[in-house]
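# Coordinate inspection notes
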Amino acid sequence: SNKRRLIRLAEVHAHGPGADSIWVTKGTNVYDITDWVPSHPGGEVILRAAGGSIDPYWKIFSIHQKQDVYDILEQYLIGTIDPQDLADGQVPSEHVPNPFASDPERDPRLRMHSERPCNAETPASELGTFITPNEVFYVRNHLWVPDLGNPEDYNLTIELYDGTEKKYTLQDLRDKFQEHTITATLQCSGNRRSHMTANARMTNGLQWDVGAIGNAEWTGVRLRDVLADAGYSVDDIPKDVKHVQFSAVEAYGASIPIAKAADRFGDVLLAYKMNGEALPPDHGFPLRVLVPGNVAARSVKWVNKITLSDEESPSQWQRRDYKCFGPNEGPNPNWDAARSIQEMPVQSAITSLRQVSSHSPQARKWMHVYGLEEDSVLLEGYAFSGGGREIIRVDISADDGRSWHQAELLEAETKGSKAWAWRRWRFIIPNSQAGKVFVVKAVDEAYNTQPDSYEPHFNFRGNLTSGWQRVENKPIP
Ligand code: MTE
Ligand code: MO
């Protein structure tokens, strides 16, 4: 074969962005990655390295420094850089603009899984309130936080099915449309993935604990109203349009079915406020889509283009990631045959476990409130279901699933057409009745409940982990 072919750097440079075939170098090897570009997880971001060295990018995006990524690249090897060029010192520059330069500082309480891009979860100790404060709300970024310059110059483009476009500034959105606020929980499809890994087998992806979820009040305008203004008939959905695609400034993209976007009770927002404040940079400033009841991957941050289409978003995150597979499938499943995740199944977790004992004055208050005569264990947590389906019951076992009790569902004021927000719950039991392991499971209004174990819903991507959570009877830090 021609794998040992010597290639001049000038020839590599000729295969830059816009060329028919895209080449990159890594070390002294040359690769033709044309076929990889469409399926690359970062989408066309890889084109930044086209015609030059990929090394500096992969240093910045440290997620690439793994054997399976190197193995993919090796399939595209076409030759090595001609030593003449190396001798001339023509090696591609190691200095590339750092796209993460505009990433904000993060609250030290967040549990960082990866810094660039930023993936950080809310620690259990900060998950105890109905509303999750902005500073500790989990951050899930696939790329960098884009530097948007002046928000006054920010534009949102709506493209209708016939290709006509209409543009809106932020001020247009505020002036032309009625403002709405909804209370909605965002949950990453990878929430609790580490529990699937621990209880079944290794999964591919960030190993989140219970904190890739949060609940906030989101304020903005209805996507439905903006689509209507742009000329789309939201009440009489034409057959050609099936999906609404969202594209973001930094290259992320996703889509939702038109039925959700056009639904008067779907509450899909173009949000510019989170808990009454301007959206923080990490959460999409100045504008994000908020699709309540759907997997958070569809709530596209920094959105600047919305396209009505007969197809789903072409992005990696719509067509490859955020799908589930059979327990036996992977790592090369039939991606197209699997359905993209939209609404989520029922979920619950224990976020706090502590002793209520007569020795502590604060805890004595709780003993009084609950009419307890004995030292007890107090558990708290969340329960949540997709599609706006309300949580109707949370079952707790204090003996590893042999017998059950019902937790108290806490009341909270919510805004919106459906149950878009999680339900907080509390459970208290005397120490004498508590065993070694607590278990939680929830039931939603459709009487959906959670699987008792992890192998039956195992998928190699570790998406939508929802098996009964078990925790030892000892304080959660
Ligand atoms: N939007 C953009 N533009 N870029 C992203 O990386 N991540 C998605 C979604 N929207 C993402 C995005 C995913 S997978 C999740 S879980 C949520 O944003 C996380 O939202 P948050 O960071 O505000 O918690
Ligand atoms: Mo996510």
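Residues numbered from 1 in each chain as written. Chains lettered and ligands numbered in written order. Predicted model: local features only at pLDDT ≥ 70, side-chain atom pairs only at ≥ 80, totals over all residues. Heavy atoms only, no water.

## Some points on the confidence of the model for the protein chain
- Scored by pLDDT, the protein chain has a mean of 92; 96% of the residues are at 70 or more.
- At the low end of the mean pLDDT range in the protein chain sits helix α10 (residues 361-369), at 74; at the high end sits strand β16 (residues 288-290), at 99. (pLDDT = per-residue confidence, 0-100. Helix = DSSP H or I, 4+ residues; strand = E, 2+ residues; numbered from the N terminus.)

## Comments concerning the site of ligand 1
- Within the structure, ligand 1 sits among 19 residues, and Tyr 138, Glu 250, His 283, Arg 288 and Lys 301 are positioned closest to it.
- Taking Arg 140, its main chain carries an N or O atom lying 3.0 Å from an oxygen atom of ligand 1.
- Measuring from an oxygen atom of ligand 1, one finds a side-chain N or O atom of Lys 301 at 2.5 Å.
- Put simply, ligand 1 lies in the largest cavity.
- Of the residues assigned to the shell around ligand 1, the class counts are 11 nonpolar, 4 polar and 4 charged. (Near = heavy atom within 4 Å. Polar contact = N/O pair within 3.5 Å; in protein donor to acceptor, adjacent residues only side chain to side chain. 1 Å grid on protein atoms, 1.4 Å probe; cavity = no way out; pocket = protein on both sides within 12 Å on 5 of 7 lines; lining within 4 Å. Sits in = over half its atoms within 2 Å of the grid points. Nonpolar A, V, L, I, M, F, W, Y, C, P; charged D, E, K, R; others polar.)

## Some remarks on empty space enclosed by the protein
- Under the criterion given, the structure shown has 2 cavities of 30 Å³ or more.
- The volume enclosed by the largest cavity comes to roughly 240 Å³.
- Taken together, 20 residues line the largest cavity, and the ones lying closest to its centre are Arg 140, Arg 288, Ala 296, Ser 299 and Lys 301.
- Residue composition of the lining of the largest cavity, by class: 11 nonpolar, 5 polar and 4 charged.
- Volume-wise, the second largest cavity comes out at about 60 Å³.
- The wall of the second largest cavity is formed by Gln 187, Cys 188, Ser 189, Asn 191, Met 344, Pro 345, Val 346, Gln 347, Leu 464, Thr 465 and Ser 466.
- Across the lining of the second largest cavity, the residue classes tally to 5 nonpolar, 6 polar and no charged.
- Two domains each put at least three residues into the lining of the second largest cavity: domain 2 (112-319) and domain 3 (347-472). (Points joined across faces, edges and corners; volume = space filled by probe spheres on them. Domains from an automatic or database assignment.)

## Things to note about the domain arrangement of the protein chain
- By the assigned domains, the protein chain splits into domain 1 (6-87), domain 2 (112-319) and domain 3 (347-472).
- Computed over C-alpha atoms, the centres of domain 1 and domain 2 are 32 Å apart.

## Details of the packing of aromatic side chains
- Scanning all chains against the criterion turns up 12 aromatic pairs.
- With a centroid separation of 5.5 Å and 45° between ring planes, the pair formed by Phe 325 and Phe 460 is classed as tilted. You can see Phe 325 sitting in the loop between α9 (316-319) and β18 (347-356) and its partner Phe 460 sitting in the loop between β24 (437-444) and β25 (469-472), a full 135 residues away along the chain. Accessibility assignment for this pair places Phe 325 and Phe 460 in one class, buried.
- An aromatic cluster of at least three residues, connected via ring pairs, comprises Phe 137, Tyr 138, Trp 208 and Trp 218.
- Across the ring face of Trp 422, the terminal group of Arg 424 is positioned such that the distance to the ring centre comes to 4.8 Å.
- It is Lys 441 that lies over the ring of Trp 404; its NZ or CZ is 4.8 Å from the centre. (Phe/Tyr/Trp six-rings, centres within 6.5 Å; stacked < 30°, edge-to-face > 60°. Buried < 20%, exposed > 50% of the residue type's maximum accessible area, 1.4 Å probe, protein only. Lys NZ or Arg CZ within 6 Å of the ring centre and 35° of its normal.)

## Description of the sheet that holds β18
- Across the sheet, 4 strands lie side by side as β18-β19-β23-β22; this open sheet has antiparallel pairing. If you trace the sheet from one side to the other, it starts and ends with β18 and β22 (408-409), each paired once.
- One ladder, built from 8 bridges, connects strand β19 (residues 376-384) with strand β23 (residues 423-430); its direction is antiparallel. Across the sheet, residue Ser 376 finds its bridge partner in β23, namely Pro 430. (Pairing = 2+ DSSP bridges.)

## Some points on the environment of Thr 185
- Within the secondary structure layout, Thr 185 lies in strand β10 (residues 179-187).
- Sequence-wise, Thr 185 and Ala 296 are 111 residues apart; in three dimensions their C-alpha atoms are separated by 8.7 Å.
- If sequence neighbours within four positions are ignored, Thr 185 has contacts with Ile 213, Gly 214, Asn 215, Phe 384, Trp 420, Ala 421 and Trp 422.
- Reaching out from Thr 185, the side chain makes a polar contact with the side chain of Asn 215 at a distance of 2.8 Å. (Contact = heavy atoms within 4.5 Å.)

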